[in-house]
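# Breakdown of the fold
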Amino acid sequence: YTADAMADDAIAVIERLDLAPVRLVGHSMGGMAGMLVAARRPDLVERLVLVDIAPDGLREELSAGLVEWLQMLHHSSYTTVAEAAAVWAEGDALARPSLLRHYARHNLVPGTDGRLRWRFDTARVGTFVTEGVTAAELWTAVDSIQAPTLLVRGAHSWAVQPEDARVLLWRLADGSYAEVADGAHDLGVEQPEAVAAAVRSFMAD
């Protein structure tokens, strides 16, 4: 699970299905892959949206905390969907309970003991921030992106600091910015309507 491999996968899908030029939207690690796609193959990307991610989201203290949290999820199991959603909510006070329950319901599977565990590969997905790409490599990619690019940042984001956003917008050839009030990093379960509105406005511009 690396941004490098995911970017290659995205390029292959776009080419195989003859989709280019695409409007590419990526949140968090998906945004990292999106940066690489737009930099490597500018002919494939018409517009790019980065949802609460910048190259310095890979800084060491954040990466270590994310890996530790994923390991906690890997060793966890639950009796109910509500229990799993409550654990997730402990780390995101801005998340809407109904959206978290929806997320948990579709991302849990029963184990052999009947208890619920996360569907995604909690044991290995943390390698996304420890292998495959560095912040410096992502900044190099940013300098090569020619497509109009929108950064959507949660006002309370822990992943993208205000200074990160300023530098990113300065280095992009054609950068735009939208800030989501009452949002942090997990905008899909915090303020999805605001994110959708920002993306639609950017795509229609």
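See the structure printed just above.
For every chain, the first residue of the written sequence is number 1, and numbering continues from 1 along that sequence. This being a predicted model, a pLDDT of at least 70 is required before a residue's local features are given, and a value of 80 or more before pairs of side-chain atoms are given or counted; all residues contribute to the totals for chains, interfaces and linings. As a convention, hydrogens and water are excluded, and side-chain values are obtained from all of the structure's heavy atoms.

### Details of the packing of helix 2 (residues 29–40) against helix 6 (residues 135–144)
- For the pair helix 2 and helix 6, interaxial distance at closest approach is 8 Å and the crossing angle is 45°. With respect to each other, helix 2 and helix 6 are oriented oblique. Our pair here, helix 2 against helix 6, has a crossing hand that is left-handed. Counting all contacts with helix 2, which are made through Met32, Met35, Leu36 and Ala39, the residues of helix 6 involved are Leu138, Ala141, Val142 and Ser144.
- For this classification, the nonpolar set comprises Ala, Val, Leu, Ile, Met, Phe, Trp, Tyr, Cys and Pro, the charged set comprises Asp, Glu, Lys and Arg, and every other residue, Gly included, is treated as polar. Among the residues making up the contact of helix 2 with helix 6, the classes are represented as seven nonpolar, one polar and no charged. Lines are fitted to the C-alpha atoms to define the axes, a helix being fitted only along its stretch in contact, and any angle between axes, read from their N-to-C directions, falls within 0 to 180 degrees. Secondary structure follows DSSP: runs of H or I at least 4 residues long count as helices, runs of E at least 2 residues long count as strands, and numbering of each begins at the N terminus. Throughout this description, any angle smaller than 35 degrees is read as roughly parallel, any larger than 145 degrees as roughly antiparallel, any in the 65 to 115 degree range as roughly perpendicular, and the remainder as oblique. It is the rotation of the near helix from the far one that decides the hand of a crossing: anticlockwise by less than a right angle makes it left-handed, clockwise makes it right-handed. Contact criterion: two residues are considered in contact whenever any of their non-hydrogen atoms come within 4.5 Å of each other.

### Notes on a nonpolar patch on the surface
- Taken together, Val13, Leu17 and Leu19 make up a surface patch of nonpolar side chains, about 280 Å² in accessible area.
- You can see leucine 17 is positioned in the loop between helix 1 (3–16) and strand 1 (22–27).
- Type-normalised accessible area, obtained with a 1.4 Å probe on protein chains alone, sets the label of each residue: buried when under 20%, exposed when over 50%, and partly exposed for intermediate values. The exposure class assigned to leucine 17 is exposed, which follows from its relative accessible area of 55%. Here a patch means residues that are over 30% exposed by relative accessible area and free of salt bridges, tied together within 9 Å if like-charged and within 5 Å if nonpolar (Val, Leu, Ile, Met, Phe, Trp, Tyr). Accessible areas in this description were obtained via Shrake-Rupley with a 1.4 Å probe; residue shielding takes into account the shown protein chains only. The rule for a salt bridge is simple: a side-chain nitrogen of Lys or Arg has to be within 4 Å of a carboxyl oxygen of Asp or Glu.

### Side note on the nonpolar core
- Among the nonpolar cores identified, the biggest contains 34 residues, and Val45 and Leu168 are the most heavily contacted of them.
- Every element with two or more residues in this core is listed here: helix 1, strand 1, helix 2, strand 2 (45–51), helix 6 and helix 7 (162–171).
- It is helix 2 that provides the largest number of residues to this core, a total of six residues.
- Contacts of valine 45, omitting those with residues within four sequence positions, involve Val22, Leu24, Val37, Ala38 and Ala147.
- Definition of nonpolar core: a set of buried residues of the types Ala, Val, Leu, Ile, Met, Phe, Trp, Tyr and Cys, connected through side-chain atoms within 4.5 Å. Judged by nonpolar contacts, the second largest core, of 14 residues, contains Leu70, Leu73, Leu108 and Val189.

### Some points on unusual backbone geometry
- Geometrically, the link from alanine 20 to proline 21 is a cis peptide bond, its omega value of 0° lying close to zero.
- As for its position among the elements, proline 21 is in the loop between helix 1 and strand 1.
- Despite not being glycine, serine 28 has its phi angle at roughly 55°, a positive value.
- Considering the arrangement of structural elements, one finds serine 28 in the loop between strand 1 and helix 2.
- Even without a glycine there, the phi angle at aspartate 182 is positive, about 60°.
- In this structure, aspartate 182 sits in the loop between strand 6 (175–180) and helix 8 (192–204).
- The exposure class of aspartate 182 is partly exposed, given its relative accessible area of 47%.

### Quick notes on the packing of aromatic side chains
- Only Phe, Tyr and Trp rings take part, Trp by its six-membered ring, and two of them pair if their centres are within 6.5 Å. Stacked means planes under 30 degrees apart, edge-to-face means over 60, and tilted covers everything else. Under the definition given, this model contains six aromatic pairs.
- Relative to tryptophan 118, the ring of tyrosine 78 lies with its centre 5.9 Å away and its plane at 75°, an arrangement referred to as edge-to-face. Taken together, the residues tyrosine 78 in the loop between helix 3 (60–74) and helix 4 (81–89) and tryptophan 118 in strand 4 (residues 116–118) connect sequence positions 40 residues apart. An identical accessibility class is assigned to tyrosine 78 and tryptophan 118; each is buried.

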